[in-house]
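Spelled out from the first residue to the last, the chains are:
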Amino acid sequence: MFSFTNRLTLIALGFDAFCLNKKFLVFNLVNRNLKIKYRRSFFGYFWTILAPVMISMIYYFVFKVVMNVNRPHYLPFILAGVLPWSFFSQSISEATESIVANQALISKIPIPIHVFPYVVSITNFSTLFFSLPVIFILGMVSGVQPSPNMLWAFYFFGCLLLLSYSVGAILAVFYVYLRDLRHAIGLALQVWLYATPIFYDSSMIPPKYHWILFLNPVGSIFEGIHMSMLGSEGALIPHVLASLAWVTIGLLSLRVTYTRLRSGLVEVL
Amino acid sequence: MIEPVISVDHLVKEFNFSAERPTSLKSFLTNFSKGTVRYKSDVFRVLDDVSFAIYPGDFIGIMGRNGAGKSTLLKLISGIYTPTGGSIRTRGVIAPLIELGAGFHPELTGLENIFLNASILGFGREATEQALSSIIEFSELGDHIHRMIKNYSSGMLVRLGFSIATHLDAPILLVDEVLAVGDLSFQRKCITKIKELHRAGRTIILITHDSNSVREHCNRCIVLENKKKIFDGLPKEGVSLYESRQS
């Protein structure tokens, strides 16, 4: 079973992109990150939920109370956008620096370099995964009706994980050569945040601009998360397909980056 | 005929320093105004046409002065660098003792670090669990194994790192002068352990500029000088050649 998956990854991506031969290594690195994050922290995991909830409340106050946005279930709506976004932006900015940060290790031990951005994505995703119940609970309290459509959320979260890994791992390689990226990415993520349907959805933007949503690699993913988790109206299928297309583009770019630029990278570090 | 565990064929390694040209706009502009923008490649050869084979059970000493290309060779053999020309073929897992305790995290316990370090060295869960008790025993850490390693002395850290690297079941061991660390009694213990592994059939590659350890332990010696292999044969002769070149 696993050898089949391994072979499939090798054919599709040209290298062991998901570290299937290095599961024990990935497990230990993720385990280390999580342990370090919560060691000696009294509230521990609570903080990872508290921060996005606070941010959501601030935005709720700004958009709902002050600017009077008319959208049902607006608090869980914002949270369902803010949580995956903080995963996405944090993964990308951490992953970008991950190869350079582990330079000491990479130049001394034979280790596949993409393990580091991969581990960043997995670590952040596991915290996201455990905070999903909060969105669900808040949605229920707010009166969202549970429906089988909610299962689509897992699909969109999966797409987001793959996309964050591809983007992060590609940037990590470029960051070795170009240290400006750190600043550029911070800025780009700010713009990207507002270009993504997090505080709004497609029903709030004029129909003639809807196509822009599909040009945003994560546009459909966030639209899809909102739709599936909060039972909003509209067709889910276009977003399912658009997400798939962007994930495919992301993974193929990952393939090109790593098969072309990987050799000789350690020497430059 | 015995097949070699490592065969190095006409190995060439070059570093391209043009990759380290100005990487920021500021330095680009200052260089540009000085007229020193260089895009010509600045290639530096570190190893030139090196060939040799290592057979199972060998205890090889690779000697050479600073800058002779020892460490580069080591990194090529362990697969960290890719060769510019020629080829390296290896059979079996290589345990690189280039750095002891690679990836150790100060806020984790000794035990947690064993798993972390072993997986970074490329070993799986089963191999690590099998070796666990002998690793802990050899490290002489006792109950300290459950403490965070930031509270360890440097001697304890070295003991743990060495213990992990040598107790995992790797047929080839690459040793890079790590033996120079730790106190005298532990150094002796390390040498004994490495000789014991050699007797058990492992292949040992020792990179050093200490003539004594090569003369005492190795059955073969390779001397590198100025990017090339200048000697491959008995340790006695190799060491005297190396020493005559020193003066």
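Refer to the structure presented above.
What you see as residue numbers is a count from 1 along each chain, following the sequence as written. By the order in which they are written, chains take letters starting at A while ligands take numbers starting at 1. Selection of residues for local features in this predicted model requires a pLDDT of at least 70, selection of side-chain atom pairs for listing and counting requires 80 or more, and totals for whole chains, interfaces and linings are taken over all residues. The side-chain quantities take in all heavy atoms of the structure and omit both hydrogens and water.

Asker: I'd like to hear about the side chain of B:Thr166, residue by residue, with values.
Answerer: Residue and element names in this part refer to chain B. When you line up the elements, threonine 166 lands in helix H5 (residues 154-167). Each residue's exposure class comes from its accessible area (1.4 Å probe, protein chains only) as a fraction of the maximum for that residue type: buried when under 20%, exposed when over 50%, partly exposed otherwise. For threonine 166, a relative accessible area of 1% translates into the label buried. As used in this structure description, the phrase polar contact means that two N or O atoms lie within 3.5 Å; if the pair is within protein, one of them must be able to donate a hydrogen and the other to accept it, and residues adjacent in sequence are counted only when both atoms belong to side chains. There is a polar contact of 2.8 Å between the side chain of threonine 166 and the backbone oxygen of phenylalanine 162. Beyond its immediate chain neighbours, meaning those up to four positions away, threonine 166 contacts Leu97, Leu173, Lys193 and Leu197. Each helix corresponds to a stretch of at least 4 residues labelled H or I by DSSP, and each strand to a stretch of at least 2 residues labelled E; elements are numbered beginning at the N terminus. Pairs of residues are marked as contacts when any of their non-hydrogen atoms sit within 4.5 Å.

Asker: Got a sec to walk through helix H4 (residues 125-139) of chain B? Specific residues and values, please.
Answerer: Here H4(B) is 15 residues long and its end C-alpha atoms lie 20 Å apart, about the 21 Å a rise of 1.5 Å per residue gives. At B:Leu132, H4(B) shows its maximal kink, close to 45°. Within H4(B) the residues assigned to the buried category are B:Thr128, B:Ala131, B:Leu132, B:Ile135, B:Phe138 and B:Ser139. Elements that come into contact with the buried residues of H4(B) comprise helix H2 (23-38) of chain A together with helix H3 (110-120), H5 and helix H6 (184-199) of chain B. With its phi angle positive at about 55°, B:Glu140 sits one or two positions after the end of H4(B). Residue count minus one, scaled by 1.5 Å, sets the expected span of a helix. Bend is the name given here to the angle between axes fitted to two runs of seven residues, the run ending at a residue and the run starting at it.

Asker: Explain the interface of chain A and chain B to me, using residue names and the numbers behind them.
Answerer: The partner chain B presents 33 residues to the 26 residues of chain A that form the contact. Counting the surface lost from both chain A and chain B, the interface buries some 2,500 Å², and carbon and sulfur atoms represent 63% of this. Summed over both partners, the accessible area (1.4 Å probe) lost when two parts come together is defined as the buried area. The three residues of chain A that bury the most area against chain B are A:Phe24, A:Lys108 and A:Glu267, which together make up 27% of that side's buried surface. When a carboxyl oxygen of Asp or Glu is within 4 Å of a side-chain nitrogen of Lys or Arg, the pair counts as a salt bridge. Linking chain A to chain B there are one salt bridge. The closest approach of N and O atoms between B:Glu112 and A:Lys35, which form a salt bridge, is 2.8 Å. Scanning the region where chain A abuts chain B turns up three residue pairs in polar contact (both at pLDDT 80 or more). Taken together, the elements giving at least two residues each to the side of chain A that touches chain B come down to H2, helix H5 (103-106) and helix H12 (265-268) of chain A.

Asker: So what about the packing of H2(A) against H3(B)? Which residues, and what values?
Answerer: Where helices are involved, their axes are fitted lines through C-alpha atoms of the stretch in contact, as for all axes, and angles between N-to-C directions lie from 0 to 180°. Where H2(A) contacts H3(B), the axes come no closer than 8 Å and their chain directions differ by 140°. In this view, H2(A) runs oblique relative to H3(B), as classed from their interaxial angle. Pair H2(A) / H3(B) crosses with left-handed handedness. Between H2(A), through A:Phe24, A:Leu25, A:Asn28, A:Leu29, A:Arg32 and A:Lys35, and H3(B), the contact on the second element is made entirely by B:Glu112, B:Phe115, B:Leu116, B:Ser119 and B:Ile120. Angles below 35 degrees are treated as roughly parallel, those above 145 as roughly antiparallel, those between 65 and 115 as roughly perpendicular, and all remaining angles as oblique. The hand of a helix crossing depends on one turn: near helix anticlockwise from the far one by less than a right angle means left-handed, and clockwise means right-handed.

Asker: Any chance you could break down the packing of aromatic side chains for me, citing the residues and the numbers?
Answerer: Remark: the centre distance and the inter-plane angle together describe each pair of aromatic rings, the angle taken between the planes. Between the rings of Phe, Tyr and Trp (Trp by its six-membered ring), a pair exists once the centres lie within 6.5 Å; its type follows the angle of the planes, with under 30 degrees stacked, over 60 edge-to-face, and the other angles tilted. Throughout the structure, instances matching the rule amount to 21 aromatic pairs over all chains. Ring geometry for A:Trp85 versus A:Phe88: centroids 5.5 Å apart, planes at 50°, classification tilted. In this pair, A:Trp85 and A:Phe88 are both assigned in helix H4 (residues 74-101), three residues apart and thus about one turn of the helix distant. By the burial criterion, A:Trp85 is buried, and A:Phe88 matches it. Seen in terms of ring centroids, A:Phe87 and A:Phe125 are 5.4 Å apart; in terms of plane orientation they differ by 70°. Their pairing is edge-to-face. In this pair, A:Phe87 sits in helix H4 while A:Phe125 sits in helix H6 (residues 115-142), placing the two residues 38 residues apart along the sequence. A:Phe87 gets classed as buried once you look at its relative accessible area, which sits at 3%. Judged by relative accessible area, A:Phe125 falls into the buried class, the value being 16%. Of note, A:Arg179 hangs over the ring of A:Tyr175, and the distance from its end group to the ring centre comes to 5.5 Å. Lying across the ring of B:Phe138, B:Lys193 places its NZ or CZ 5.8 Å from the centre. Here, a charge over a ring is recorded when the distance from Lys NZ or Arg CZ to the ring centre is within 6 Å and its angle to the ring normal is within 35 degrees.

Asker: How would you sum up the environment of A:Leu10? Please name residues and give values.
Answerer: Residues and elements named next belong to chain A. Take leucine 10: it is sitting in helix H1 (residues 2-13). The class of leucine 10 is partly exposed, set by a relative accessible area of 45%. For leucine 10 and arginine 255, which are 245 residues apart along the polypeptide, the C-alpha to C-alpha distance reads 9.9 Å.

Asker: Account for the packing of H4(A) against H6(A), with residues named and values stated.
Answerer: Residues and elements named next belong to chain A. It is the contact of H4 with H6, at a shortest axis distance of 9 Å, that shows an interaxial angle of 170°. The angle between H4 and H6 falls in the class roughly antiparallel. Partitioning the contact of H4 with H6 into residue classes produces 17 nonpolar, eight polar and one charged. For this scheme, ten residues count as nonpolar: Ala, Val, Leu, Ile, Met, Phe, Trp, Tyr, Cys and Pro. Four count as charged, namely Asp, Glu, Lys and Arg, and the remainder, Gly too, count as polar.

Asker: Go over the sheet that holds strand S4 (residues 85-90) of chain B with me, naming the residues and quoting the values.
Answerer: All names here are of chain B. Here the rule is simple: two strands pair whenever DSSP picks up at least two bridges between them. Strands sit in the order S2-S1-S4 across an open sheet of three strands; the sheet is antiparallel. On the outer flanks of this sheet lie strand S2 (43-54) and S4, each paired with one strand and no other. When the angles between neighbouring strand axes are averaged without regard to direction, this sheet yields 25°. Pairing of strand S1 (residues 6-16) with S4 involves five bridges; the strand directions are antiparallel. The partner of valine 8 across the bridge, within S4, is isoleucine 88.

Asker: Requested: an account of the sheet that holds strand S7 (residues 203-208) of chain B, with residues and values cited.
Answerer: Residues and elements named next belong to chain B. Strand order across the open sheet formed by six strands is S5-S6-S7-S3-S8-S9, with mixed pairing between neighbours. A single partner strand is all that each edge strand has here, and the edge strands are strand S5 (94-97) and strand S9 (228-233). Put simply, the sheet's adjacent strands are angled 15° from each other on average, direction ignored. Bridge analysis of strand S8 (residues 220-225) against S9 gives five bridges, and the strand direction is antiparallel. The residue bridging isoleucine 222 from the neighbouring strand is aspartate 232, located in S9. Packing of H5 onto the sheet brings it into contact with S5 and strand S6 (172-176), and relative to S5 it is tilted by some 160°.

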